[in-house]
Amino acid sequence: MSQKTLKGEKLYEGKAKILFQGTEPGTIVQHFKDDATAFNAQKKGTITGKGIINNKITEFVMINLERIGIPTHFIDRLNDREQLVREVEIIPLEVIVRNIVAGTMAKRLGLEEGRRLDRPLIEFSLKDDDLGDPLLAEEHILSLDLADDEELSEIFDMTHQINDFLRGMFAGVGIELVDFKLEYGRLYDEDDAGYVLILADEFSPDNCRLWDLKTGEKLDKDRFRRDLGGEVEAYEEVARRLGISLETEE
Ligand code: CDP
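Residues numbered from 1 in each chain as written. Predicted model: local features only at pLDDT ≥ 70, side-chain atom pairs only at ≥ 80, totals over all residues. Heavy atoms only, no water.

Q: Which residues make up the site of the ligand, and what values do they have?
A: In the vicinity of the ligand lie 15 residues, with Glu94, Arg98, Thr104, Asp179 and Arg225 positioned nearest. Arg98 has a polar side-chain atom sitting 2.6 Å from an oxygen atom of the ligand. Arg209 places a side-chain nitrogen or oxygen 2.9 Å from an oxygen atom of the ligand. Those elements giving two or more residues to the shell around the ligand turn out to be strand E9 (93–100), helix H2 (103–109), strand E12 (175–188) and strand E14 (208–212). By residue class, the composition of the shell around the ligand is four nonpolar, three polar and eight charged. (Near = heavy atom within 4 Å. Polar contact = N/O pair within 3.5 Å; in protein donor to acceptor, adjacent residues only side chain to side chain. Helix = DSSP H or I, 4+ residues; strand = E, 2+ residues; numbered from the N terminus. Nonpolar A, V, L, I, M, F, W, Y, C, P; charged D, E, K, R; others polar.)

Structure below.
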């Protein structure tokens, strides 16, 4: 596989990824960078090699979710840092799943980090960096028509299924899935007559919290947020436990 990928124009550059037009209509090339940001980009840094690991962990997770019947935007990995995905209309919601209290939830509600929730919690926030991704109630989503009732119930169903599967998958390799963020998109038919909801974006230690089940060691972006060091080693450890090869072509 060559690192050179045929791709079209740059569509968007985000904090950790760049999106390019794919060569086939309806496709996008998702490029994973080593840049890291936290606290709504107030803290910036580089984690050398992170993009390669996140590309491969995302590929692994998406393929396994497809196997249990979750439709995703993933088509194929192209090289170390890039994957081909389907072009969708992103629903402007960050869907956050929490199994254990951590991060913003602990701060906002004055709760101790590490408290196990009685049942998984699905939260929504508006995907808007300038506003700091504010928390939304379901009523906001419906009143503002960010998604309709049917879409919301599909998002709940798919998200619970994803959480059940991924918790088990990580538990199997000695890791607790504490929380994570998902994004969904609308994939339109060729004639634009209808659409289906599919999972988009990425799943990597950049957007989840993973704690070693025995030691509690953090294996995710909190190492960067909290200046704990050993970021790339932690990400590599997640890949290693999942059996993902990190042999690179770079
Ligand atoms: O991460 P932070 O403490 O700012 O926010 P959180 O609401 O506690 O995040 C919950 C989970 O969603 C964490 O695993 C975050 O990494 C992830 N998240 C994300 O990937 N992108 C965001 N814009 C917000 C949260």
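On we go from here.
Q: So what's going on with the nonpolar core? Which residues, and what values?
A: Proteins that are soluble and globular tend to have nonpolar side chains buried together. Ranked by size, the top nonpolar core spans 47 residues in total, and within it Phe124, Ile162, Leu166, Phe170 and Phe203 carry the most contacts. No other element matches helix H4 (residues 149–171), which puts seven residues into this core. Discounting residues that sit within four places of it in the chain, Ile162 has contacts with Leu65, Ile70, Phe180, Leu182, Tyr184 and Leu199. (Core = buried A, V, L, I, M, F, W, Y, C linked by side-chain atoms within 4.5 Å. Buried < 20%, exposed > 50% of the residue type's maximum accessible area, 1.4 Å probe, protein only. Contact = heavy atoms within 4.5 Å.)

Q: Give a detailed account of the pairing of strand E4 (residues 35–38), specifying residues and quantitative values.
A: Across a regular strand the side chains alternate sides, sitting on one face of the sheet and then on the other. Bridging between E4 and strand E5 (residues 43–46) involves four bridges; their strand directions are antiparallel. Residue pairing in the sheet places Ala38 in a bridge with Lys43 of E5. Taking the residues that link successive antiparallel strands as the turn, the E4-E5 hairpin has four residues, and the phi of Phe39 there is positive, at about 50 degrees. (Pairing = 2+ DSSP bridges.)

Q: An account of the packing of aromatic side chains is needed here, citing residue identities and associated values.
A: Overall, the coordinates contain four aromatic pairs when judged by the stated rule. Aromatic pair Phe124 and Phe156: ring centres 5.5 Å apart, planes at 90 degrees, arrangement edge-to-face. In this pair, Phe124 is assigned in strand E10 (residues 116–126) and Phe156 in helix H4, connecting sequence segments 32 residues apart. By way of ring pairs, the aromatic residues Phe170, Phe180 and Phe203 are connected into one cluster. Sitting above the plane of the Phe20 ring, Lys7 keeps its charged end 4.5 Å from the centroid. (Phe/Tyr/Trp six-rings, centres within 6.5 Å; stacked < 30°, edge-to-face > 60°. Lys NZ or Arg CZ within 6 Å of the ring centre and 35° of its normal.)

Q: Hey, could you go over a negative patch on the surface for me, with residue numbers and the actual values?
A: The grouping of Glu138, Glu139, Asp145, Asp148, Asp149, Glu150, Glu154 and Asp157 at the surface amounts to a negative patch. Sorting the residues of the negative patch by element identifies helix H3 (138–143) and H4 as the ones contributing at least two each. A total of four residues in the negative patch trace back to one element, the largest contributor, which is H4. Relative to the assigned elements, Asp149 resides in helix H4. Judged by its relative accessible area of 57%, Asp149 is exposed. (Patch = residues over 30% accessible without salt bridge, like charges linked within 9 Å, V, L, I, M, F, W, Y side chains within 5 Å. Areas by Shrake-Rupley, 256 points an atom, 1.4 Å probe, with all protein chains shown as cover. Salt bridge = Lys/Arg side-chain N within 4 Å of Asp/Glu carboxyl O. Lys, Arg positive; Asp, Glu negative; His and termini not counted. Charge placed at Lys NZ, Arg CZ, Asp CG, Glu CD.)

Q: Can you break down the sheet that holds strand E7 (residues 82–86) residue by residue, with the values?
A: Overall, antiparallel pairing links the five strands, which are arranged E1-E2-E3-E7-E6 in an open sheet. Edge positions in the sheet fall to strand E1 (10–13) and strand E6 (74–77), since each of these pairs with one other strand and no more. Across the sheet, the mean angle separating the axes of adjacent strands is 25 degrees when strand polarity is ignored. (Axes fitted to C-alpha atoms, helices over the stretch in contact; angles between N-to-C directions.)

Limitation: the analysis is restricted to geometry and does not speak to function.
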